[in-house]
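# Coordinate analysis (summary)
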Amino acid sequence: MDVSLREERVDSEATLRETISFMEERGLHAVPVVKGQRVLGVVSYEGILRGFIDPSAKVKHYAERVEKTLFLPSESGMLAVFAKRGNRVVVVTDLYGRFKGFVPREDVVKRLKPKPLTKDVLESEVVELEGRELVIKARLLMAEREKSEIPVSEDGKFLGLVTAKGIIEKAIDKSNSLKGLTGVNYIRLKDFDLLNYCLNNESEMGKAIKYFSLGMSEVPLLVEGKVKAIVSVNRLFESMIKIRTKNGTIIGLFSYNISDEIIEEIRSFLNEVLPSFRLLRSKRINVSIENLSEKKFYLNATIKSKNTKTKIGIKEVGNDPKALILEALKKLENALRSSDENKKV
């Protein structure tokens, strides 16, 4: 994937107003915050929305944790980072944590190849607000559900999207007085500036990618004017790292600091060995594997058991990723067998 490091960042002593202006000018929805050359975190519209919007406050107070790496991730590594909800950028630093550059999620989205719209990219749960409700309800719901946009409807008909970016821009615009700043919270959503971004069953993924490249994280899928599902950028990235094996098992393979060659070897290996694990058939397993250093890998594999309604997790460290995966699969199957036997008792 042909992406380049970007050099934009904001100083920790910049004000929130200065930072918002900086992001708007460059079309960014998140930007690294640095003190000197050291990365403190990242500031994003949804992160700002979780606090009190004070235009004169230092942006360092809004900086949140960010994914950092020592070099530009491979394609599979990049997909893994952005498959996680909330990750808008990946930051590259040196060994001492000094800023070298970053890649915003939008730059990666723009390079994705459009494909048909499938259920793999849909969120099963639809979070929606009514037009009569207030902006403050949207703010609270965004913070609670970690969302940057929420569909707004009236009498079941879609009106538009309320976004974290839109709320913050309106608040900054009205911030010359405390009354104006807090007054934004009490605007009815049907009277707010909503974005008319939506998809339908005939839409190609290319249209969704266009919206995602503009910074959207979720776009509603409409049927006869009503919101029926949500197309998610995180699910899009996740669908690109799924492995559907011959025995019906679905593996979500999240990789960090690992070459695409090794990932392809792991994919082939999983397809080869999984048929021998009877209890893992038609299950959903997430495998996260990270290259800690030369010839040292960390693996975390999890599976949800419907019988016990619990998540089973296995963690391993070793020098052979295939051996780690094989050992993890054995332990997962043994754990499932034990849970099944306990249920019978």
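Reference entry: report on the structure contained in this document. Just so we're clear, the structure is a prediction, and the values are computed from it rather than from any experiment.

In terms of helices and strands, the protein carries 11 helices and 18 strands. Relative to the compact-globule value of 20 Å for 345 residues, the protein shows a C-alpha radius of gyration of 22 Å, a close match. Taken along the three principal axes of its C-alpha coordinates, the protein extends 65 × 50 × 40 Å. Counting all 345 residues of the protein, 51% fall into the buried class. When contacts within the protein are restricted to residue pairs at least 6 apart in sequence, long-range pairs at least 24 apart make up 59% of them. Accessible surface computed for the protein: about 17200 Å², of which carbon and sulfur atoms make up 47%. Placing the 60 positive and 49 negative side-chain charges of the protein at their respective mean positions leaves the two points 4 Å apart.

Bringing a positive patch on the surface into the picture now. On the surface, Lys35, Arg38, Arg65, Lys68 and Lys84 cluster together to form a positively charged patch. Within the secondary structure, Lys68 is located in strand 4 (residues 67-69).

One pass over the full model with this rule turns up two aromatic pairs. Seen in terms of ring centroids, Phe82 and Phe237 are 5.7 Å apart; in terms of plane orientation they differ by 40°. Their pairing is tilted. Within this pair, whereas Phe82 is found in helix 3 (residues 75-83), its partner Phe237 is found in helix 9 (residues 233-239), the two being separated by 155 residues in sequence. A single burial state applies to Phe82 and to Phe237, both of which are buried. Ring plane angle 20° and centroid distance 4.6 Å describe the contact between Tyr197 and Tyr211, whose orientation is recorded as stacked. Pair noted here: Tyr197 is in the loop between helix 7 (178-183) and strand 11 (199-200) and Tyr211 is in helix 8 (residues 205-213), with a separation of 14 residues, a long-range link. Above the ring of Phe22, the side-chain terminus of Arg26 is found at 3.7 Å from the ring centroid. Here the guanidinium or amino end of Lys170 rests over the ring plane of Phe192, the centre of that ring lying 6.0 Å away.

Moving on to the environment of Asn201. Locating Asn201 in the fold gives a position in the loop between strand 11 and helix 8. Assessed through its relative accessible area of 51%, Asn201 is described here as exposed. Asn201 has contacts with Leu221, Leu222 and Val223, leaving out every residue within four places of it along the chain.

Now for the sheet that holds strand 8 (residues 129-130). If you trace the three strands from one edge of the open sheet to the other, you get 8-9-10, paired in mixed fashion. Edge positions in the open sheet fall to strand 8 and strand 10 (157-163), since each of these has one partner strand only. Sheet topology note: the strand 8/strand 9 (residues 149-154) ladder contains two bridges and is parallel. Directly across from Leu129, in strand 9, lies its bridge partner Val152. Along the sheet face, helix 5 (residues 135-145) touches strand 8, strand 9 and strand 10 and points at about 140° away from the line of strand 9.

Quick look at the pairing of strand 3 (residues 38-44) now. Among the seven residues of strand 3, five are classified as buried, and the element is accordingly described as predominantly covered. Direction of pairing for strand 2 (residues 30-35) relative to strand 3: antiparallel, over a ladder of six bridges. Within strand 3, the residue paired with Val31 across the bridge is Val43. If you look at the hairpin formed by strand 2 and strand 3, you'll find two residues sitting between the two strands, and Gly36 has a positive phi there, around 70°.

Here the focus is the environment of Val33. Counting through the fold element by element, Val33 comes out in strand 2. We classify Val33 as buried; its relative accessible area is 0%. Filtering out sequence-adjacent residues up to four positions away, Val33 remains in contact with Val10, Ser12, Arg38, Val39, Leu40, Gly41, Val42, Val43, Val59, Lys60 and Ala63.

Basis of the calculations
Residues numbered from 1 in each chain as written. Predicted model: local features only at pLDDT ≥ 70, side-chain atom pairs only at ≥ 80, totals over all residues. Heavy atoms only, no water. Helix = DSSP H or I, 4+ residues; strand = E, 2+ residues; numbered from the N terminus. Rg over C-alpha atoms; globule rule 2.2 N^0.38 Å. Buried < 20%, exposed > 50% of the residue type's maximum accessible area, 1.4 Å probe, protein only. Contact = heavy atoms within 4.5 Å. Areas by Shrake-Rupley, 256 points an atom, 1.4 Å probe, with all protein chains shown as cover. Lys, Arg positive; Asp, Glu negative; His and termini not counted. Charge placed at Lys NZ, Arg CZ, Asp CG, Glu CD. Patch = residues over 30% accessible without salt bridge, like charges linked within 9 Å, V, L, I, M, F, W, Y side chains within 5 Å. Salt bridge = Lys/Arg side-chain N within 4 Å of Asp/Glu carboxyl O. Phe/Tyr/Trp six-rings, centres within 6.5 Å; stacked < 30°, edge-to-face > 60°. Lys NZ or Arg CZ within 6 Å of the ring centre and 35° of its normal. Pairing = 2+ DSSP bridges. Axes fitted to C-alpha atoms, helices over the stretch in contact; angles between N-to-C directions.

Keep in mind that these numbers describe shape and distance, not what the molecule does.
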